[in-house]
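A closer look at the structure
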Amino acid sequence: MEKGNEKFMEEAIRLSIDNVESGNGGPFGAVIVKDDKIIARGQNQVTATNDPTAHAEVTAIRNACKALGEFQLEGCDIYTSCEPCPMCLGAIYWARPDRIFYGNSKEDAASINFDDKFIYEEIEKPMEERKLFTCQMMRDEAFEAFKKWDALTDKIEY
């Protein structure tokens, strides 16, 4: 089993504690590491920015991509103070880092009322059984953008 570097996890944890003590957001911190150096940090900024996507991991990914001038994080590791929620896990997969290391588990988060279990459960349900009404419409019109994208010969794939 691979081991992460404790100094990077310590920084993610420090960020999570600092975020609570400063009153800026939830108890979550993340760092992104490349070539054994922290290239970006992120703290939960949901309440500070009124942005439900401003989780520590997403904030760190945005900062890392900006620092690198890239939209993917190949060759990078993410250290986060807590097991990523479904949204963050999706963002992490899209960013394509090499590895993830986390401190607290999703069960630990649930114990203090950060419970993402319902989201994991909702994703598994057929669309018509989900709590959030979802309806496909105007597919043919929407598919026009996909046709144009597919026909491009000079696109940047991701």
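A brief report on the enclosed structure follows. Since the structure is predicted, the reported quantities are computational estimates derived from the model, not experimental observations. (Residues numbered from 1 in each chain as written. Predicted model: local features only at pLDDT ≥ 70, side-chain atom pairs only at ≥ 80, totals over all residues. Heavy atoms only, no water.)

1. As for a nonpolar patch on the surface
- Together, Phe71, Trp94, Trp149, Leu152, Ile156 and Tyr158 line one region of the surface with nonpolar side chains, adding up to about 730 Å² of accessible area.
- Structurally, Tyr158 can be placed in the segment after helix H7 (139–151).
- The exposure class assigned to Tyr158 is exposed, which follows from its relative accessible area of 62%. (Patch = residues over 30% accessible without salt bridge, like charges linked within 9 Å, V, L, I, M, F, W, Y side chains within 5 Å. Areas by Shrake-Rupley, 256 points an atom, 1.4 Å probe, with all protein chains shown as cover. Salt bridge = Lys/Arg side-chain N within 4 Å of Asp/Glu carboxyl O. Helix = DSSP H or I, 4+ residues; strand = E, 2+ residues; numbered from the N terminus. Buried < 20%, exposed > 50% of the residue type's maximum accessible area, 1.4 Å probe, protein only.)

2. Points about the nonpolar core
- Ranked by size, the top nonpolar core spans 16 residues in total, and within it Ile32, Ile61, Ala64, Leu73 and Ile78 carry the most contacts.
- Of all the elements in the fold, those that place two or more residues in this core are strand S1 (29–34), helix H3 (56–68), strand S3 (76–82) and helix H4 (86–95).
- Examining the composition of this core, we find that five residues originate from one element, H3, more than from any other.
- Counting eight residues, the second-largest nonpolar core is a separate cluster that includes Phe8, Ala12, Tyr79 and Phe101. (Core = buried A, V, L, I, M, F, W, Y, C linked by side-chain atoms within 4.5 Å.)

3. A look at the packing of aromatic side chains
- Enumeration over the complete set of coordinates arrives at six aromatic pairs.
- Ring centres 6.5 Å apart and planes at 70 degrees place the aromatic pair Trp149 and Tyr158 in the edge-to-face group.
- Residue class for Trp149 comes out partly exposed when judged on its relative accessible area of 38%.
- Lying across the ring of Tyr120, Lys106 places its NZ or CZ 4.4 Å from the centre.
- Its guanidinium or amino end placed over the ring of Phe143, Arg139 lies 4.7 Å from that ring's centre, counting from NZ or CZ. (Phe/Tyr/Trp six-rings, centres within 6.5 Å; stacked < 30°, edge-to-face > 60°. Lys NZ or Arg CZ within 6 Å of the ring centre and 35° of its normal.)

Purely geometric stuff here, so don't read any function into it on its own.
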